[in-house]
Amino acid sequence: MTRAQLDKQPGEVAAMFDRTARRYDLVNDVISMGQVRFWRKAVAAAVDAGPGEVVLDLGAGTGTSTDSFTTLGARAIASDFSLGMLRTGVQRHGGNALSGPGVPFVAGDAMRLPFADDAFDAVTISVALRNVHDTGQALREMLRVTRPGGRLVILEFSHVTWGAFDLVYREYLMRLLPKVAKVFGSNDDSYEYLAESIRDWPDQPTLAREIQKAGWERVAWRNLTMGIVAMHRAFKPA
C-alpha cells in the first residue's frame with residue numbers, strides 16, 4: 001500500500017508499519033530534523049498525567065513516547081495495531097510485554113478498543129490518527145474509554161501556517177522524504193504513503209470540528225513548528 005487514497009485498509013496499513021518497525025524511530029528523528037523530540041515533550045506536558053492517573057497512548061508504535069507519561073507518577077499503556085511495532089517496543093523495554101518499566105504493550109484497533117468504558121484519565125494519539133480507517137469512529141471510541149471529565153490530546157501533522165514556507169514543505173514531503181527514508185534503510189513505500197497522508201489530512205479547524213462532533217467538548221489546538229504539526233486538546237463531558 002503506497003498511496004494514501006487506497007482507503008486505509010487496517011490490515012494493509014498495519015503490515016506497512018510492521019515492515020518499517022525496526023528503523024521507525026531513527027527515520028522519524030532524521031526526517032523531522034529532531035523536532036519529534038520537542039513534539040513528544042509538548043504532548044507529555046499537555047497530558048500532564050499525575051500520580052494515580054492512567055494514560056492510554058494509542059498508535060504508540062515502539063512505545064518511545066509512552067514512558068514520558070509516567071514521569072510524574074502516572075501509569076501508561078502503549079497500544080498499537082501493528083504487531084511488528086509492538087514487538088520492537090517490547091524488545092526495547094526488556095522483552096516482556098507486560099512488565100516493561102511500568103508500560104504494558106497491548107495490541108488494539110483504534111476503531112474497536114479492547115478496553116472498558118471510562119477506563120482512562122487521559123487518551124493520547126500522536127501522528128497516527130490519520131492512519132485510521134474511520135476517524136470519527138476512533139474519536140468516539142477514545143471518548144468511550146475516557147472517564148467523565150478526562151482529557152484527549154491529539155498530535156497530528158497539519159497545515160503549515162506560513163504561506164511562504166508551505167511550498168517548500170510540500171516539495172520536501174512529496175520528493176525528498178521517501179528518499180531520505182530509503183537512505184536510512186527504511187521502507188520508502190511507507191514514507192510515500194506518509195507524505196500523501198499528510199498532504200491529504202484536514203486542516204486544524206476541520207479536525208477540531210470532527211473532535212467536537214464525536215462528543216468531546218472544550219476543543220482547542222496549538223500549532224507547533226509553524227503548523228507542520230498541531231496539538232488538539234479536548235475533554236469528555238463530566
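Owing to the predicted nature of the structure, the values given are computational and were not obtained by experimental measurement.

Reading guide: rules and limits
- Residues numbered from 1 in each chain as written.
- Predicted model: local features only at pLDDT ≥ 70, side-chain atom pairs only at ≥ 80, totals over all residues.
- Heavy atoms only, no water.
- Salt bridge = Lys/Arg side-chain N within 4 Å of Asp/Glu carboxyl O.
- Helix = DSSP H or I, 4+ residues; strand = E, 2+ residues; numbered from the N terminus.
- Buried < 20%, exposed > 50% of the residue type's maximum accessible area, 1.4 Å probe, protein only.
- Core = buried A, V, L, I, M, F, W, Y, C linked by side-chain atoms within 4.5 Å.
- Contact = heavy atoms within 4.5 Å.
- Arc of directions from axis to C-beta.
- Phe/Tyr/Trp six-rings, centres within 6.5 Å; stacked < 30°, edge-to-face > 60°.
- Lys NZ or Arg CZ within 6 Å of the ring centre and 35° of its normal.
- Pairing = 2+ DSSP bridges.
- Right-handed = clockwise from strand over helix to strand, strands pointing away.

Draft legend 1. Structural detail: the pattern of salt bridges. Evaluation of the coordinates by the stated rule reveals 8 salt bridges. With a closest N to O distance of 2.6 Å, Arg 147 and Asp 121 form a salt bridge. Placement of Arg 147 in strand β5 (residues 146-157) and of Asp 121 in strand β4 (residues 120-126) is noted, with a sequence separation of 26 residues between them. When the shortest N-O distance is used, the salt bridge between Glu 156 and Arg 130 registers 2.7 Å. Highlighted residues: Glu 156 in strand β5 and Arg 130 in the loop between β4 and α5 (135-145), separated in sequence by 26 residues. For the pair Glu 156 and Arg 130, a shared accessibility class is recorded, and that class is buried. Through salt bridges that share partners, Asp 117, Glu 141 and Arg 144 make up one connected network.

Draft legend 2. Summary view of the nonpolar core. If you look at the biggest cluster of nonpolar residues, it comprises 27 residues, and the most contacted ones within it are Leu 56, Leu 129, Leu 139, Met 142 and Trp 216. Broken down by element, this core gets its largest block of residues, 5 residues, from α5. Leave out the neighbours within four places in its chain, and Leu 139 touches Leu 129, Leu 152, Ile 154, Glu 210, Ile 211, Ala 214 and Trp 216. Among the nonpolar cores identified, the runner-up in size contains 24 residues, and Trp 39, Ala 44, Ala 74 and Met 231 belong to it.

Draft legend 3. Helix α8 (residues 204-213), seen in detail. For α8, the complete set of buried residues consists of Gln 204, Leu 207, Ala 208 and Ile 211. For α8, the buried positions fall inside an angular range of 105° around the axis, keeping them on one side. Away from the buried face of α8 by more than 90 degrees, exposed residues Arg 209 and Lys 213 are located. Looking at the packing, one finds that the buried side of α8 touches α5, β5, β6 (217-224) and β7 (229-235). The positive-phi residue at the C-terminal boundary of α8 is Gly 215, with phi of around 115°.

Draft legend 4. Up close: the packing of aromatic side chains. Scanning the entire structure with this criterion turns up 2 aromatic pairs. Measuring from ring centre to ring centre gives 6.0 Å for Trp 39 and Phe 157, while their planes differ by 90°; the resulting arrangement is edge-to-face. Taken together, the positions of Trp 39 in helix α3 (residues 35-47) and Phe 157 in strand β5 put the pair 118 residues apart, joining distant regions of the chain. Both residues of the pair, Trp 39 and Phe 157, belong to the buried class. Arranged with centres 5.2 Å apart and planes meeting at 85°, the rings of Phe 115 and Phe 120 form a pair that is edge-to-face. Looking at Phe 115, the relative accessible area reads 12%, which means it is buried. A relative accessible area of 3% means that Phe 120 is categorised as buried. Across from the ring centre of Phe 235, 4.1 Å away, lies the NZ or CZ of Arg 218, which sits over that ring.

Draft legend 5. Representation of the pairing of β4 within the structure. In terms of burial, β4 is a largely internal element, 7 of the 7 residues being buried. Judged from the 4 bridges that link them, strand β1 (residues 54-58) and β4 form a sheet pairing that is parallel. By the bridge assignment, Val 55 is partnered in β4 with Ala 122. Looking at chain direction, β4 and β5 are connected through 6 bridges and run parallel. Bridge pairing links Ala 122 to Arg 151 in β5. Taken together, β4, α5 and β5 constitute a β-α-β crossover, and its handedness is right-handed.

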